[in-house]
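In case you want the letters, here they are:
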Amino acid sequence: MASLSLRHIYKKYPGGVTAVSDFCLEIKDTEFIVFVGPSGCGKSTTLRMIAGLEEISEGELYIGDRLVNDVAPKDRDIAMVFQNYALYPHMTVFDNMAFGLKLRKVPKETIKRKVEEAARILDISHLLDRYPKALSGGQKQRVALGRAIVREPKVFLLDEPLSNLDAKLRAAMRTEITKLHNTLGATFVYVTHDQVEAMTMATRIVVMKDGIIQQVDTPQNLYDTPCNVFVAGFIGTPQMNFINCKLVKENNGTYLEFGEIKIKLPEGKANLPELKDYIGKEVIAGVRPEAIVDTPAQITALKDSAFDVYVDVTELMGAEIYLYLVANKVVIDEAQMKKKNVVIDRSGEVKLTARVSPRSTARGGDTIQVAIDTERVHIFDKDTEKCICH
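What counts and what doesn't
Residues numbered from 1 in each chain as written. Predicted model: local features only at pLDDT ≥ 70, side-chain atom pairs only at ≥ 80, totals over all residues. Heavy atoms only, no water. Pairing = 2+ DSSP bridges. Helix = DSSP H or I, 4+ residues; strand = E, 2+ residues; numbered from the N terminus. Disulfide = S-S within 2.5 Å. Buried < 20%, exposed > 50% of the residue type's maximum accessible area, 1.4 Å probe, protein only. Core = buried A, V, L, I, M, F, W, Y, C linked by side-chain atoms within 4.5 Å. Axes fitted to C-alpha atoms, helices over the stretch in contact; angles between N-to-C directions. Parallel < 35°, antiparallel > 145°, perpendicular 65-115°, else oblique. Left-handed = near helix turned anticlockwise from the far one by under 90°. Contact = heavy atoms within 4.5 Å. Nonpolar A, V, L, I, M, F, W, Y, C, P; charged D, E, K, R; others polar.

Trainee: Can you help me understand the pairing of strand E4 (residues 58-63) in this one?
Mentor: It is a general feature of regular strands that their side chains alternate between the two faces of the sheet. Across five bridges, strand E1 (residues 4-13) lies against E4 in antiparallel orientation. Bridge pairing links Arg-7 to Glu-60 in E4. In this sheet, strand E5 (residues 66-67) lies alongside E4 in antiparallel orientation, the contact comprising two bridges. Of the residues in E5, the one forming a bridge with Tyr-62 is Leu-67. The antiparallel pairing of E4 with E5 creates a hairpin that spans two residues between the two strands, and Gly-64 there sits at a positive phi of about 65 degrees.

Have a look at this one:
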């Protein structure tokens with residue numbers, strides 16, 4: 001197997017379009033690295049540069065100790081699994097999996113042994129005589145993985161391999177690919193726009209935006225300590241709540257103030273030196289949905305950060321309920337409703353999402369009290385959107 005080293009990689013297209021900028025990353029042997037980000041962020045382009053399917057405009061790419069910028073894709077000792085499977089429709093599953101080995105003139109006995117072993121690992125031994133048209137989406141994906149496995153490459157590259165599958169099958173295949181990585185002990189580089197896939201499968205995640213790396217870290221560290229607003233909002237479902245507020249200091253403490261609501265920061269966070277320069281200034285508070293609580297016991301324990309909200313919509317998810325809330329809601333009386341051309345200013349309203357117990361009694365149209373666990377509040381600079389403190 002092999003490590004990868006991407007050193008100041010750029011991808012520039014004619015017309016001044018830069019798809020990837022100054023991409024630097026060290027991938028250790030046997031790691032499972034996931035590139036994640038919105039469409040057009042440069043993650044697939046980076047993967048294709050590793051594969052040799054896109055030319056590197058600037059920078060150096062090493063696989064192991066070997067510089068491979070000018071090495072042909074077939075000589076890089078990598079295997080790529082595509083989004084659309086790329087199976088030959090006129091060949092059986094066995095022949096699809098064996099095709100690359102036949103091109104390399106590998107002995108027939110060796111091909112048979114490798115294909116059967118890969119089929120056993122992927123539980124597709126009973127499909128070897130079928131043609132792709134007789135396979136389901138999940139089976140096609142296993143065949144595509146099998147074709148990569150038989151080559152025993154140094155690096156596996158996977159470009160959104162699960163995006164064509166339904167939700168249930170996608171969840172099952174996530175588990176299968178993770179098990180496959182553990183079985184093979186190979187280096188995997190995986191591209192997806194689905195942050196759930198990234199969180200559940202990766203050793204480390206590379207979050208990208210506009211061709212630039214935003215943060216590289218373990219899934220848990222990305223979730224707990226995002227470096228900026230983009231990463232904080234991209235990682236986590238439902239996404240983090242962002243509240244434009246003012247950091248104010250009063251006699252008895254430091255508060256986040258938005259509209260008529262003030263929530264007190266715990267002393268440990270309020271006394272952080274990095275917050276001193278922001279007193280009296282606008283900041284962005286980031287609150288995970290699970291950090292908003294609605295039970296009386298929790299609210300009592302967090303009384304310094306309790307406030308009233310309007311429940312707009314509730315979604316029962318089985319094991320939990322999502323509450324879509326409005327703080328500082330503008331209340332319109334009947335007289336206002338009857339007037340024509342009345343402009344209602346809702347700019348002060350703050351929309352929040354809470355993830356609470358399925359035993360919650362909150363229903364749409366209710367006004368309830370909630371509290372924020374301020375130990376888990378992230379504070380971001382409003383101008384740079386970089387994190388000030390967690």
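After that view of the structure, there is still more to cover.
Trainee: Teacher, can you tell me more about the state of the cysteines here?
Mentor: In a disulfide, the sulfur atoms of two cysteines are covalently bonded to one another. By the definition in use, this model includes zero disulfides. For Cys-41, which is in no disulfide, the shortest distance to another cysteine sulfur is to Cys-227 and amounts to 14 Å. Residue classification places Cys-41 among the buried residues on the basis of a relative accessible area of 2%.

Trainee: Looking at this model, I keep getting lost on the nonpolar core. Mind explaining?
Mentor: Where a protein is soluble and globular, its nonpolar side chains tend to be buried together. Core analysis: the largest hydrophobic core is formed by 47 residues, its most contacted members being Met-97, Leu-145, Leu-158, Ile-177, Phe-188, Tyr-190 and Val-207. Of all hydrophobic cores here, the second largest spans 35 residues; its members include Cys-245, Val-350, Val-370 and Val-377.

Trainee: It is not clear to me how the packing of helix H4 (residues 137-149) against helix H5 (residues 167-184) should be interpreted in this structure. Could you clarify?
Mentor: The description of two packed helices rests on the angle between their axes and on the distance between the axes. Two elements in contact, H4 and H5, have axes whose closest approach is 11 Å; the angle formed by their N-to-C orientations is 15 degrees. When the axis of H4 is compared with that of H5, the two are roughly parallel. Pair H4 / H5 crosses with right-handed handedness. Note on element contacts: H5 touches H4 through Leu-169, Met-173, Glu-176, Ile-177, Leu-180 and Leu-184, opposite Gly-137, Gly-138, Gln-141, Arg-142, Leu-145 and Ile-149. Here the contact of H4 with H5 is composed, by residue class, of seven nonpolar, three polar and two charged.

Trainee: How should I be thinking about the sheet that holds strand E9 (residues 204-209) in this particular structure?
Mentor: The strands making up a sheet associate through hydrogen bonds between their backbones, and the pairing can be parallel or antiparallel. Strands sit in the order E6-E7-E8-E3-E9-E10 across an open sheet of six strands; the sheet is mixed. Each edge of the open sheet is held by one strand with a lone partner, namely strand E6 (78-81) and strand E10 (212-217). Between one strand axis and the next, the sheet turns through 15 degrees on average, direction left out of account. Relative to E10, E9 runs antiparallel, the two sharing five bridges. When the sheet's bridge partners are listed, Val-207 is paired in E10 with Gln-215. Contacts from H5 reach strand E3 (32-36), strand E7 (155-159) and strand E8 (187-192), with the element oriented near 160 degrees to E8.

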